[in-house]
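# Residue-level structural notes
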Amino acid sequence: MTEPTQPRMTRNRGREPLREAARRTTTIAAVLGREVRADRRALRLTQSAVAERLGVHQTWISAIELGRGGSVPLEKWIALGVVLGRPLAVGFSRPTDPDATLADAGHLRIQEAMLGLARSTGRRAAVELPTRPLDPRHSTDVALRDDRHRVLILIEAWNTFGDLGAAIRSTHRKATEAADLASVLGGGAPPYRVATVWVVSATAANHRLVGRYPNLFAAAFPAPSAAWVRALSAGTAPPHEAGLVWFEPSTVTLRSRHRGRGE
């Protein structure tokens, strides 16, 4: 039976990693080959002597020293290290993705997206704005100054949750403290009001959490979620009540909660 042909897109997608692997294999084999030669000579061993201990032909050792050991099985490299008294150490290097080294990468992605939306809607934004000026430990993740609607928007970005109750209490406290900041914005009347919204990463775990406590989330965030999505994305007037919207990391977009359909 003829093996089914893989889709062209799938084959093409795998070519670049394989090409990169081939380039790196050649480089690594050349470096290891030079080390094998130097260590063998330091031990005053001939290629034939090393080959005999490994149970291979002398030409095999010669090929390795010439940098042609890219296809040599890992167990042979390990055995060669044992013979030379240089055990082979193998491990992955540091991640090439800078986000992978950041403990708060998910949190930062939400903040970055909210700052981008602030620019597109003509709002001034601040990151980690202290709601208690004399104590900078108390800050909101992103603060937006909406001069058109005279609103100070406090955005709390959530990638994961630890203590849900403490998170809700913290948001209430920040909103109360920010009222003093709002009172001195802009001047004139009407005074600025404070509006709060949670932007939550739309992970499966967070969906389950919201679905497990529907009454709690409904009470804490009574504003229509779709209205908050429009306010953040299109610059419309923010709702007067607190809200919660989903953040889709893969598309870097906001999505409303569909109440009544479950989470």
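Residues numbered from 1 in each chain as written. Predicted model: local features only at pLDDT ≥ 70, side-chain atom pairs only at ≥ 80, totals over all residues. Heavy atoms only, no water.

## What to know about the overall build of the protein chain
The number of helices and strands found in the protein chain is nine helices and six strands. Out of the 263 residues belonging to the protein chain, those deemed buried represent 37%. When the accessible surface of the protein chain is summed, it comes to about 16,000 Å², and 56% of that surface belongs to carbon and sulfur atoms. (Helix = DSSP H or I, 4+ residues; strand = E, 2+ residues; numbered from the N terminus. Buried < 20%, exposed > 50% of the residue type's maximum accessible area, 1.4 Å probe, protein only. Areas by Shrake-Rupley, 256 points an atom, 1.4 Å probe, with all protein chains shown as cover.)

## A look at the nonpolar core
Soluble globular proteins: nonpolar side chains tend toward being buried together. With 21 residues, the main nonpolar core has M114, I155, V199, W228, L232 and L254 as its most contacted residues. Elements with a minimum of two residues in this core: α5 (105-120), β2 (139-146), β3 (151-158), β4 (193-201), α9 (225-234) and β5 (243-248). With near-sequence residues (within four places) excluded, W228 lies in contact with I153, A195, T196, V197, A223, P238, P239, E241, A242, G243 and V245. One finds W158, L164, W198 and F217 within the second-largest nonpolar core, a separate group that totals 16 residues. (Core = buried A, V, L, I, M, F, W, Y, C linked by side-chain atoms within 4.5 Å. Contact = heavy atoms within 4.5 Å.)

## Some remarks on the environment of T140
Tracing the backbone shows T140 in strand β2. Residues T140 and V127, 13 residues apart in the sequence, show an inter-C-alpha distance of 7.4 Å.

## A closer look at the confidence of the model for the protein chain
Looking at the protein chain as a whole, the pLDDT averages 86, with 86% of positions reaching at least 70. Put simply, helix α1 (residues 8-42) is where the protein chain has its lowest mean pLDDT, 79, and α9 is where it has its highest, 97. Within the model, the stretch residues 1-11 combines pLDDT values under 50 with two contacts to residues more than four positions away or in other chains. (pLDDT = per-residue confidence, 0-100.)

## Concerning the packing of helix α2 (residues 47-54) against helix α4 (residues 74-84)
Remark: α2 packs on α4, axes separated minimally by 10 Å, with the N-to-C direction vectors making an angle of 120 degrees. The orientation of α2 relative to α4 falls into the category oblique. Crossing hand, α2 versus α4: right-handed. From α2, V50, R53 and L54 reach across to α4, where they touch K76, A79, L80, V83 and L84. Across the contact of α2 with α4, the residue classes break down as six nonpolar, no polar and two charged. (Axes fitted to C-alpha atoms, helices over the stretch in contact; angles between N-to-C directions. Parallel < 35°, antiparallel > 145°, perpendicular 65-115°, else oblique. Left-handed = near helix turned anticlockwise from the far one by under 90°. Nonpolar A, V, L, I, M, F, W, Y, C, P; charged D, E, K, R; others polar.)

## A look at the sheet that holds β4
What the six strands build is an open sheet, ordered β1-β2-β3-β4-β5-β6; its pairing is mixed. The open sheet has two edge strands with one neighbour each: β1 (124-130) and β6 (253-255). Taken over all neighbouring pairs, the strand axes of this sheet differ in orientation by 35 degrees on average, direction set aside. Relative to β5, helix α7 (residues 204-212) is tilted by about 155 degrees, and along the sheet it contacts β3, β4, β5 and β6. (Pairing = 2+ DSSP bridges.)

## A look at a nonpolar patch on the surface
On the surface, L74, I78, V82, L88 and V90 cluster together to form a nonpolar patch covering roughly 470 Å² of accessible area. Assignment of secondary structure puts L74 in helix α4. (Patch = residues over 30% accessible without salt bridge, like charges linked within 9 Å, V, L, I, M, F, W, Y side chains within 5 Å. Salt bridge = Lys/Arg side-chain N within 4 Å of Asp/Glu carboxyl O.)

## Quick look at the pairing of β2
Put simply, side chains in a regular strand alternate between the two faces of the sheet. Burial analysis of β2 places seven of its eight residues in the buried class, which makes it a mostly covered element. Where β1 lies against β2, six bridges are found, and the strand directions are antiparallel. The partner of V127 across the bridge, within β2, is V142. Bridge analysis of β2 against β3 gives five bridges, and the strand direction is antiparallel. Bridge assignment links D146 to a residue of β3, and that residue is V151.

## Some remarks on the environment of E112
The topology assignment puts E112 in helix α5. Put simply, E112 and V252 are 140 residues apart on the chain and 9.6 Å apart in space, counted from C-alpha to C-alpha.

## Here we look at the side chain of E177
With respect to the secondary-structure elements, E177 resides in helix α6 (residues 164-183). Other than its neighbours up to four places away in sequence, E177 contacts T131, R132 and H138.

## Quick look at the pairing of β4
Burial within β4 is extensive, with seven of its nine residues counted as buried. Here β3 runs beside β4; their pairing, made up of eight bridges, is parallel. By the bridge assignment for β4, L152 is matched with V194. Pairing between β4 and β5: five bridges, direction parallel. Paired with V200 across the strands is W246, a residue of β5.

## Details of unusual backbone geometry
At E128, a residue that is not glycine, the phi angle is positive and equals roughly 50 degrees. Take E128: it is sitting in strand β1. Positive phi outside glycine occurs at V252, with the angle close to 55 degrees. Relative to the helices and strands, V252 is located in the loop between β5 and β6.

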